[in-house]
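Listed below, chain by chain, are the residues.
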Amino acid sequence: ETGVTQTPRHLVMGMTNKKSLKCEQHLGHNAMYWYKQSAKKPLELMFVYSLEERVENNSVPSRFSPECPNSSHLFLHLHTLQPEDSALYLCASSQGEGSGSNEQFFGPGTRLTVL
Amino acid sequence: GEDVEQSLFLSVREGDSSVINCTYTDSSSTYLYWYKQEPGAGLQLLTYIFSNMDMKQDQRLTVLLNKKDKHLSLRIADTQTGDSAIYFCADSRGYSSASKIIFGSGTRLSIRP
């Protein structure tokens, strides 16, 4: 596969469940990102990883726990979520330092529904 | 308030030109981007412009940047039904090792026959 992939594409979970979202990039990039996209709200940056180190955590509740085991993979671990956490979760990657335009490439997203 | 602002909706007739406008506040932005999101999909980078440029053209797309007024626009010539999507304006504020991109709320473009 090429580009940025995300699994699963759709997820329905109860508030007491624990699940994980997975993102993989095949672009040789050094930085990866998690965004939350809710209806009627701007895209919200959640976490930024550069060279497997977290460089930003935008006041995200602790029920969201990111993990970046290597520069190609990014996970978002979910536990005891609330219905208002239902959204499209988008992963992105970028080349990182020295790349010039440093644009981000997005995956297709995981549509999460919390019951 | 939002750092990047766009109007929420735009409706154009098929074959006409679409112009989507955006304003931003950070004068230190180095790159500005236009992304497209189709239903059920992630964001697709359409084009970008470096902050020292005034204009960039790429086939049917023309980006205009007025740095003094912090105004960015995207013109789509000969708009087709496949152009129906949400268009996001974004600007880049870099970390040393990653990019921090601030997105607008998106403009939903609808095409009427």
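Above: the structure in question.
Residues numbered from 1 in each chain as written. Chains lettered and ligands numbered in written order. Predicted model: local features only at pLDDT ≥ 70, side-chain atom pairs only at ≥ 80, totals over all residues. Heavy atoms only, no water.

Caption draft 1: Geometry of the nonpolar core. Trp34, Phe64, Leu76 and Leu78 of chain A are the most contacted members of the largest nonpolar core, which totals 22 residues. At the level of secondary structure, the elements contributing two or more residues to this core comprise strand S2 (10–13), strand S3 (18–25), strand S4 (31–37), strand S5 (44–50), strand S7 (64–70), strand S8 (73–79), strand S9 (87–94) and strand S11 (110–114) of chain A. (Core = buried A, V, L, I, M, F, W, Y, C linked by side-chain atoms within 4.5 Å. Buried < 20%, exposed > 50% of the residue type's maximum accessible area, 1.4 Å probe, protein only. Helix = DSSP H or I, 4+ residues; strand = E, 2+ residues; numbered from the N terminus.)

Caption draft 2: Here's a closer look at the interface of chain A and chain B. Listed by partner, the interface residues are 25 residues for chain A and 22 residues for chain B. Here chain A packs against chain B, burying approximately 1,800 Å² in sum over the two surfaces, 52% of which is carbon and sulfur. Where chain A touches chain B, the interface holds zero salt bridges. Between the two partners, chain A and chain B, sit four residue pairs in polar contact (both at pLDDT 80 or more). Residue assignment for the side of chain A that touches chain B shows that the elements contributing at least two residues are S4, S5, strand S6 (53–57) and S9 of chain A. Residue contributions to the side of chain A that touches chain B peak at four residues, all from S4 of chain A. Here the residues of the side of chain A that touches chain B are counted per class, giving twelve nonpolar, nine polar and four charged. (Contact = heavy atoms within 4.5 Å. Buried area = accessible area lost by both parts, 1.4 Å probe. Salt bridge = Lys/Arg side-chain N within 4 Å of Asp/Glu carboxyl O. Polar contact = N/O pair within 3.5 Å; in protein donor to acceptor, adjacent residues only side chain to side chain. Nonpolar A, V, L, I, M, F, W, Y, C, P; charged D, E, K, R; others polar.)

Caption draft 3: Structural detail: the sheet that holds strand S7 (residues 61–66) of chain B. All names here are of chain B. Taken in spatial order, the five strands make up an open sheet running S1-S3-S8-S7-S6, and their pairing is antiparallel. Strands with a single pairing partner mark the edges of an open sheet, and in this sheet they are strand S1 (4–6) and strand S6 (55–58). Pairs of neighbouring strands in the sheet enclose a mean axial angle of 15°, with direction left out of account. (Pairing = 2+ DSSP bridges. Axes fitted to C-alpha atoms, helices over the stretch in contact; angles between N-to-C directions.)

Caption draft 4: Summary view of the sheet that holds S7 of chain A. Residues and elements named next belong to chain A. Pairing within the open sheet is antiparallel, and its four strands lie in the order S1-S3-S8-S7. The strands lining the two open edges of the sheet, one partner per strand, are strand S1 (4–7) and S7. Adjacent strand axes in the sheet meet at a mean angle of 20°, parallel and antiparallel pairs treated alike. Summarising the sheet, S1 and S3 pair through four bridges and their orientation is antiparallel. Bridging from a neighbouring strand, Thr5 pairs with Glu24 of S3.

Caption draft 5: Region of the structure containing the side chain of Glu103 of chain A. Of note, Glu103 of chain A is situated in the loop between S9 and strand S10 (105–106). One buried charged residue, Glu103 of chain A, remains without a salt bridge, the closest side chain of opposite sign being Lys56 of chain B at 8.0 Å. Excluding residues that lie within four positions of it along the chain, Glu103 of chain A makes contacts with Ser93 and Ser94 of chain A together with Tyr33, Tyr35, Leu45 and Tyr48 of chain B. (Lys, Arg positive; Asp, Glu negative; His and termini not counted.)

Caption draft 6: Just the pairing of S7 of chain A, in detail. Residues and elements named next belong to chain A. Examined bridge by bridge, S7 and S8 share five bridges and lie antiparallel to one another. Bridge pairing in S8 links Glu67 to Phe75. Here S7 folds back onto S8, and the loop between the two strands holds two residues.

Caption draft 7: Main features of the pairing of S6 of chain A. All names here are of chain A. In this structure, S5 lies alongside S6, joined through four bridges in antiparallel fashion. Opposite Ser50, over in S6, you have Glu53 as the bridge partner. Turn length for the S5-S6 hairpin, with the two strands adjacent in sequence and antiparallel, is two residues, and the turn residue Leu51 shows positive phi of about 50°.

Caption draft 8: Molecular detail of the side chain of Asp85 of chain A. All names here are of chain A. Relative to the helices and strands, Asp85 is located in the loop between S8 and S9. We classify Asp85 as buried; its relative accessible area is 3%. If we ignore the near neighbours within four places in the chain, the residues touching Asp85 are Lys36, Arg63, Phe64, Leu112 and Val114.

Caption draft 9: A look at the pattern of salt bridges. Residues and elements named next belong to chain B. This model, assessed by the stated rule, comprises five salt bridges over all chains. The closest approach of N and O atoms between Glu38 and Lys36, which form a salt bridge, is 3.3 Å. Overall, the relative accessible area of 35% leaves Glu38 in the partly exposed class. Linking Lys68 and Asp69 is a salt bridge whose minimum nitrogen-to-oxygen distance equals 3.7 Å. For Lys68, a relative accessible area of 72% puts it in the exposed group. Residue classification places Asp69 among the partly exposed residues on the basis of a relative accessible area of 47%.

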